[in-house]
Amino acid sequence: MPIKQNYMLQLQRIRDEKDIIIVALQKRNIDAATLLEDVLQLDEKRRATQTKLDNTLAESNKLSKEIGLLFKSGKAQEANILKEKTGDLKEDSKRLGDELNTAMEELQNLLYQIPNIPHDLVPAGNTEKDNEEVFKEGEIPTLTADALPHWELAKKYGIIDFELGVKITGAGFPVYKGKGARLQRALIAYFLDKNTEVGYSEIQVPYLVNEASGYGTGQLPDKEGQMYHIGADDLYLIPTAEVPVTNIFRDVILNESDFPICYTGYTPCFRREAGSYGAHVRGLNRLHQFDKVEIVRVEHPSNSYQALDGMVEHVKTLLRELKLPYRILRLCGGDLGFTSALTYDFEVFSTAQDRWLEISSVSNFEAYQANRLKLRFKDHNGKNQLAHTLNGSSLALPRVLAGILENCQTSQGIRIPDVLVPYCGFDIIN
RNA sequence: GGAGAGGUGCCGGAGUGGUAACGGAGCAGAUUGCUAAUCUGUCGACGCGCAAGUGUCGCAUGGGUUCGAGUCCCAUUCUCUCCGCCA
């Protein structure tokens, strides 16, 4: 009888460090005490059941073997006597097996409710107001009185058509035209080139993923309603390239020498954004479909924070070259993603809107995703350990575009940042 | 969409009801005077144990038959080949 083989390495940590975990999760404003207690109790029940089941099965295996040998040597009568003794064992093992599966399922459901444990650096706090600004760079231009927000500029120069998108699909699906479309393509190519230059290998992945992949990176079950779901085939449109790229490593056991693993990929991203309305979703601020270039790393646990810093530095160089004013925030516990241990958000300043727009989110998931993915590596002792996964946007296109339009507007038109000119083939939109 | 074949460990590949051959890779240990060879060991998950160890489960997935299932039955799924359709 097959027993479900869920991977529960998290359990060991909960057993060992329950109190530490409870304290750490308080940063997320979660009181996990009861939940963890339930987990431990259920775990105990599960282990007790498993021991009983193992013993029952061992006995019945032994009997079967004996029966086999008796039949072989022609002692059918003795064999038949033994046969009669197997009935109870069979019943017991069926009952225990069912109990075990139920316990494991319940346990798994509880474990899915536990978010990642925040890193020490994560500041306490509830909302985005409590995020900690750790870096700021770039000149915020002084705009003239007739400066326009990007959606007006987009209309004025005919480069983005929001209404047309509404006609074809609905709100949040803009149509990029002419130089607008070309600028998007230029940004994608530029980002991919910059990423590959520093060692990320370019990859193209599917835009639809199955349920297992959604669970692997943690979008499921936490963000069930945020992804577009194709019912007929039970597939999800990806909300980020993180999902397909990281799931490359689902059920994989790496060698230590495989590290570091660095991928970059461009994909469109699809998000339902259920529940977000209002002025803040105007123009390119919040879309249902947008383009993004992503970087993903799989690292040895001892190196993952160094890798995180490296990713942050790399994203900085992109914004520096684009000459956009930006800042970096260390997300507080309340704003931290479910699966992340430490996240840095990059925000570009939208001059005409007088607000900051998130354009990148760089995170270390430590072993959280690896636990779900069963992504491990063999350490020098031959033991399997969970690897660490990281990812970051480099970058999300629409808000970069908004930043360029608003910050680079002049009376002559939109001045394209120098680094993009070779990719665009023009230096001004007018 | 129709028809057929198939899914066995890291890879290759046997196994048609009695408890996963064999070959290779990688890794570890031992040994040998040296770009290497040889020998031995070596899959994963979970439980118990300080440990040595030991038990259970795993042959695509889920059920079923049986004292016993890789092997038989049912369902699902994926891959390949041919046909159809098609960028």
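A quick note: this is a predicted structure, and the numbers were derived from the prediction, not measured.

J.: Give a detailed account of the overall build of chain A, specifying residues and quantitative values.
T.: When helices and strands are tallied, chain A shows 13 helices and 18 strands. Seen through its C-alpha atoms, chain A measures out along the principal axes to roughly 100 × 45 × 45 Å. Burial statistics for chain A: of 430 residues in total, 50% are counted as buried. A separation threshold of at least 6 residues defines the contact pool for chain A, and within that pool the share at least 24 residues apart is 74%. On chain A, roughly 20,800 Å² of surface is accessible, and the fraction owed to carbon and sulfur atoms is 49%. For chain A, the centre of its 50 positive side-chain charges and the centre of its 60 negative side-chain charges are spaced 3 Å apart.

J.: Run through the packing of aromatic side chains, naming residues and quoting values.
T.: Here the structure, examined in full by the defined rule, presents nine aromatic pairs. Centroid distance Tyr 190 to Phe 191: 5.5 Å. Interplanar angle 50°. Geometry classified as tilted. Exposure remark for Tyr 190: the relative accessible area of 2% places this residue in the buried category. An aromatic cluster of at least three residues, connected via ring pairs, comprises Phe 135, Tyr 326 and Phe 346.

J.: Any chance you could break down the packing of helix α7 (residues 179–197) against helix α10 (residues 304–322) for me, citing the residues and the numbers?
T.: Packing of α7 against α10 brings their axes to within 11 Å, and their N-to-C directions diverge by 135°. In terms of their interaxial angle, α7 and α10 are classed as oblique. As for how α7 packs across α10, the hand of that crossing is right-handed. Counted together, Tyr 190, Phe 191, Lys 194 and Asn 195 of α7 and His 314, Leu 318, Glu 321 and Leu 322 of α10 form the full contact between these two elements.

J.: Tell me about the packing of helix α2 (residues 33–72) against helix α4 (residues 86–112), and please be specific about residues and values.
T.: Where α2 contacts α4, the axes come no closer than 8 Å and their chain directions differ by 155°. Classified by the interaxial angle, the pair formed by α2 and α4 is roughly antiparallel. For the pair α2 and α4, the crossing hand works out as left-handed. Residues belonging to the contact of α2 with α4 are distributed by class as follows: 15 nonpolar, seven polar and eight charged.

J.: Could you give me a rundown of the pairing of strand β10 (residues 289–299), with the residues and numbers involved?
T.: For β10, the tally of buried residues reaches ten of eleven residues, placing the bulk of the element in the interior. Both strand β9 (residues 261–270) and β10 contribute to a ladder of ten bridges, which runs antiparallel. From the neighbouring strand, Tyr 266 faces β10, where its bridge partner is Val 293. Pairing geometry for β10 and strand β16 (residues 388–396), over seven bridges, is antiparallel. Residue pairing across strands places Arg 297 opposite Leu 390, the latter belonging to β16.

J.: So what's going on with the pattern of salt bridges? Residues and values would help.
T.: Inspection of every chain in the model, using the stated rule, returns 21 salt bridges. In this structure, Lys 194 engages Glu 197 in a salt bridge whose closest nitrogen and oxygen atoms are separated by 3.7 Å. Highlighted residues: Lys 194 and Glu 197, both in helix α7, separated by three residues, approximately one helical turn. Through salt bridges with shared partners, one network takes in Arg 15, Asp 43, Glu 44, Arg 46 and Arg 47.

J.: Account for the domain arrangement of chain A, naming residues and giving values.
T.: As assigned here, chain A comprises domain 1 (9–112) and domain 2 (128–429). When grouped by side-chain class, the residues that make up the side of domain 1 that touches domain 2 number two nonpolar, two polar and two charged.

J.: I'd love a proper account of the environment of Phe 377, names of residues and values included.
T.: Its place among the elements puts Phe 377 in strand β14 (residues 376–378). When its relative accessible area of 0% is taken as the criterion, Phe 377 is described as buried. Here the alpha-carbon distance between Phe 377 and Leu 284, two residues 93 residues apart in the chain, equals 41 Å. In contact with Phe 377, not counting residues within four places along its chain, are Ile 253, Leu 254, Glu 256, Phe 259, His 300, Pro 301, Lys 383, Asn 384, Gln 385, Leu 386 and Ala 387.

J.: Give a description of the state of the cysteines that names residues and reports values.
T.: Under the defined criterion, the tally for this structure stands at zero disulfides. Looking at the unpaired Cys 269, the closest cysteine sulfur is the one in Cys 262, lying at 20 Å. In this structure Cys 424 is a free cysteine whose sulfur lies 11 Å from that of Cys 408, the closest cysteine sulfur available. Here Cys 424 falls in the buried class, since its relative accessible area comes to 1%.

J.: Outline the confidence of the model for chain A, supporting the account with residue identities and numerical values.
T.: Per-residue confidence for chain A gives a mean pLDDT of 90, with 97% of residues at or over 70. Throughout residues 1–7 the model reports pLDDT below 50, and contacts reaching past four residues in sequence, or to other chains, amount to 20 contacts.

J.: Before we move on, can you summarise unusual backbone geometry with the specific residues and values?
T.: Backbone geometry follows two general trends: most residues other than glycine have a negative phi, and most peptide bonds adopt the trans configuration. Note that the residue after Leu 220, namely Pro 221, is joined by a cis bond; omega there is 0°. Position of Pro 221 among the secondary structure elements: in the loop between α8 (211–217) and β6 (229–230). The omega angle of the peptide bond from Ser 394 to Leu 395 is 0°, so this bond is cis rather than trans. With respect to the element layout, Leu 395 can be found in strand β16. Located in the positive-phi region is Asn 29, a residue other than glycine, with phi close to 65°. Along the chain, Asn 29 turns up in the loop between α1 (9–26) and α2. By relative accessible area, which is 46% here, Asn 29 ends up partly exposed. Its identity as a non-glycine residue notwithstanding, Lys 323 has a phi of 60°, on the positive side. Along the polypeptide, Lys 323 turns up in the loop between α10 and β11 (326–330).

J.: Tell me about the sheet that holds β6, residues and numbers included.
T.: By definition, the strands of a sheet pair up through backbone hydrogen bonds, in either a parallel or an antiparallel sense. Taking strand neighbours across the sheet as the criterion, the three strands line up as β5-β7-β6 in an open arrangement whose pairing is antiparallel. If you trace the sheet from one side to the other, it starts and ends with β5 (208–209) and β6, each paired once. Of the pairings in the sheet, the one linking β5 to strand β7 (residues 235–237) comprises two bridges and is antiparallel in character. Bridge assignment links Val 209 to a residue of β7, and that residue is Tyr 236.

Cut-offs used in this document
- Residues numbered from 1 in each chain as written.
- Chains lettered and ligands numbered in written order.
- Predicted model: local features only at pLDDT ≥ 70, side-chain atom pairs only at ≥ 80, totals over all residues.
- Heavy atoms only, no water.
- Helix = DSSP H or I, 4+ residues; strand = E, 2+ residues; numbered from the N terminus.
- Buried < 20%, exposed > 50% of the residue type's maximum accessible area, 1.4 Å probe, protein only.
- Contact = heavy atoms within 4.5 Å.
- Areas by Shrake-Rupley, 256 points an atom, 1.4 Å probe, with all protein chains shown as cover.
- Lys, Arg positive; Asp, Glu negative; His and termini not counted.
- Charge placed at Lys NZ, Arg CZ, Asp CG, Glu CD.
- Phe/Tyr/Trp six-rings, centres within 6.5 Å; stacked < 30°, edge-to-face > 60°.
- Axes fitted to C-alpha atoms, helices over the stretch in contact; angles between N-to-C directions.
- Parallel < 35°, antiparallel > 145°, perpendicular 65-115°, else oblique.
- Left-handed = near helix turned anticlockwise from the far one by under 90°.
- Nonpolar A, V, L, I, M, F, W, Y, C, P; charged D, E, K, R; others polar.
- Pairing = 2+ DSSP bridges.
- Salt bridge = Lys/Arg side-chain N within 4 Å of Asp/Glu carboxyl O.
- Domains from an automatic or database assignment.
- Disulfide = S-S within 2.5 Å.
- pLDDT = per-residue confidence, 0-100.

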